[in-house]
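# Coordinates in review
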Amino acid sequence: CQHLSDETVDIATEHGVNIAVMPCCQKDRSNGGAWKTLSKRMDIGIGPLMDILSAGKIMSPNCGRMAGVSYQVKMKLIDAKITPQNRLIMGKASILGKGNSEEKGVNLAAHEGLQRAYSRAHRNAKRKGTVW
């Protein structure tokens, strides 16, 4: 099934769209089983290691570049009672060159809004004689 997750990621990044996969049946497809050996040495399962590698692949600068996007990646866990393959990998596509400036604008606007609210709250508290 890992190949289906890999294909889903490849198709999504080719088209520059958001991604969400929950891989299963992870296998080490490297020559000589290098990742399997590493997972044993690190005392983690091959599944979690392969999922981290998949997340890293999505985060790489080249992933999505042909579609004009870059990806922010998050990994989440769902309840293991539902499935032991409970790691969800999500990639949010951002248009190259816009993500940082838009993000700064949003953060600046949010900061200014909080400053105004803080000032109003303290102004009202001073009128009522409340000490902060």
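A few points on the structure.

How each quantity is defined
- Residues numbered from 1 in each chain as written.
- Predicted model: local features only at pLDDT ≥ 70, side-chain atom pairs only at ≥ 80, totals over all residues.
- Heavy atoms only, no water.
- Helix = DSSP H or I, 4+ residues; strand = E, 2+ residues; numbered from the N terminus.
- Contact = heavy atoms within 4.5 Å.
- Pairing = 2+ DSSP bridges.
- Patch = residues over 30% accessible without salt bridge, like charges linked within 9 Å, V, L, I, M, F, W, Y side chains within 5 Å.
- Areas by Shrake-Rupley, 256 points an atom, 1.4 Å probe, with all protein chains shown as cover.
- Salt bridge = Lys/Arg side-chain N within 4 Å of Asp/Glu carboxyl O.

### Some thoughts on the side chain of S39
Relative to the helices and strands, S39 is located in helix α2 (residues 34-42). Residue contacts for S39: discarding those within four places in its chain leaves I44, G45, I46 and L49.

### Some points on the pairing of strand β3 (residues 87-95)
Pairing between strand β1 (residues 19-21) and β3: three bridges, direction antiparallel. Among the inter-strand pairings, A20 is bridged to a residue of β3, identified as M90.

### Observations concerning a nonpolar patch on the surface
Together, W35, L38, M42 and I44 make up a nonpolar patch on the protein surface, roughly 330 Å² of accessible area in all. Assignment of secondary structure puts L38 in helix α2.

### Some remarks on the pattern of salt bridges
Overall, the coordinates contain three salt bridges when judged by the stated rule. Put simply, D6 and R29 hold a salt bridge, and the shortest N to O gap is 2.0 Å. Of this pair, D6 sits in helix α1 (residues 2-15) while R29 is found in the loop between β1 and α2, placing the two residues 23 residues apart along the sequence. The shortest N-O distance in the salt bridge between D10 and K57 comes to 2.9 Å. Of this pair, D10 sits in helix α1 while K57 is found in helix α3 (residues 46-59), placing the two residues 47 residues apart along the sequence.

Without other data, these values stay purely geometric and don't point to any function.
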